[in-house]
Amino acid sequence: LGKDLGKSDDEHKRTSGTLNSLNILTMMHRSTRFLGKFVMTRSTQFGYKPEQLFAVVADVNKYKDFLPYCISSQVLTNNQTRSGTGLMTADLEIGQWPLWVETYTSKVEMTHPATIGAKMVPGSGSLLNSLSTMWEFKALNEHTTQVDFQVELDADSLSFPAVQWLMSKVVKQLPDAFEKRFFAVNGSPSSAPKLVSQRVNTT
């Protein structure tokens with residue numbers, strides 16, 4: 001294949017190393033691969049107000065500080081109003097260098113303090129087909145909020161089954177990582193978290 005003129009030498013070296021590692025991982029994890037979509041939904045009740053939880057999820061620049069496998073997170077554009085409603089674009093780099101690394105752009109739509117939805121910009125990544133998340137924050141009473149979270153990975157066009165296996169592993173850790181961040185930022189909750197439901201589907 002010819003060299004992509006839009007990429008630097010360092011980017012080509014990183015991509016080459018990642019692809020070689022993925023070939024090895026593919027042979028290791030053939031029995032765990034899936035083809036198609038991976039969808040996980042999880043509903044949890046927290047002893048915080050919706051605004052407190054919304055602020056944590058909306059702080060994309062801090063993702064690199066607490067999300068597993070998140071190497072970097074940088075907001076590119078931010079059209080939020082003072083209340084927090086609006087649109088944002090961000091670059092995220094995920095992986096475990098030198099095993100595998102993926103960089104992509106995500107478009108984030110926020111309605112304060114009710115929802116935050118993020119979708120990978122098509123074609124912005126080199127390994128993923130698509131990745132999207134949706135957060136809904138529902139006040140149950142003055143001090144309790146139910147958080148409905150969904151993450152969807154479309155791996156149908158991936159050439160490397162190992163990426164499918166690795167990404168499913170990554171996204172499964174997202175809810176727990178955010179839960180710990182809720183506690184770290186907001187302090188002790190008014191009540192212990194309560195898991196309402198969780199479901200994982202692969203097709």
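On a predicted model such as this, the values are computed, not experimentally measured, just so you know.

Q: Is there a simple way to explain the sheet that holds strand 3 (residues 86-96) in this structure?
A: The pairing of strands in a sheet comes from backbone hydrogen bonds and takes either a parallel or an antiparallel form. The eight strands lie next to each other as 2-3-4-5-6-7-1-8, forming an open sheet whose pairing is antiparallel. Every other strand in the sheet has two partners, leaving strand 2 (70-78) and strand 8 (194-202) as the edge strands with one partner each. Taking the axes of each pair of neighbouring strands and ignoring which way they run, one obtains an average angle of 15° across the sheet. Sitting on the sheet, helix 2 (residues 50-58) is in contact with strand 1 (37-46), strand 3, strand 4 (100-111), strand 5 (115-120), strand 6 (130-141) and strand 7 (144-154), with an inclination near 165° to strand 6. Against the sheet, helix 5 (residues 174-186) makes contact with strand 1, strand 6 and strand 7, and its axis sits at roughly 30° relative to strand 1, the strand it touches most.

Q: For this particular structure, what's the right way to read the environment of F46?
A: By the element assignment, F46 lies in strand 1. Note: C-alpha distance between F46 and T145 (99 residues apart in sequence) is 5.3 Å. Residues contacting F46, with those up to four places away along its chain left out, are L53, H143, T144, T145, V147, E179, F182, F183 and P193.

About the cut-offs
Each residue is numbered by its place in its chain's sequence as written, counting from 1. Two thresholds apply to this predicted model, a pLDDT of at least 70 for residue-level local features and 80 or more for giving and counting side-chain atom pairs, whereas whole-chain, interface and lining totals are computed over all residues. The side-chain numbers reported here are obtained from all heavy atoms of the structure, hydrogens and water having been left aside. Being paired, for any two strands, means DSSP has found at least two bridges between them. Elements are defined by DSSP. Helices are runs of H or I of four residues or more, strands are runs of E of two residues or more, and each kind is numbered from the N terminus. Each axis is a line fitted through C-alpha atoms, and for a helix only the stretch in contact is used; angles between axes span 0 to 180 degrees, taken between their N-to-C directions. Residue contacts are counted whenever heavy atoms from the two residues lie within 4.5 Å of one another.

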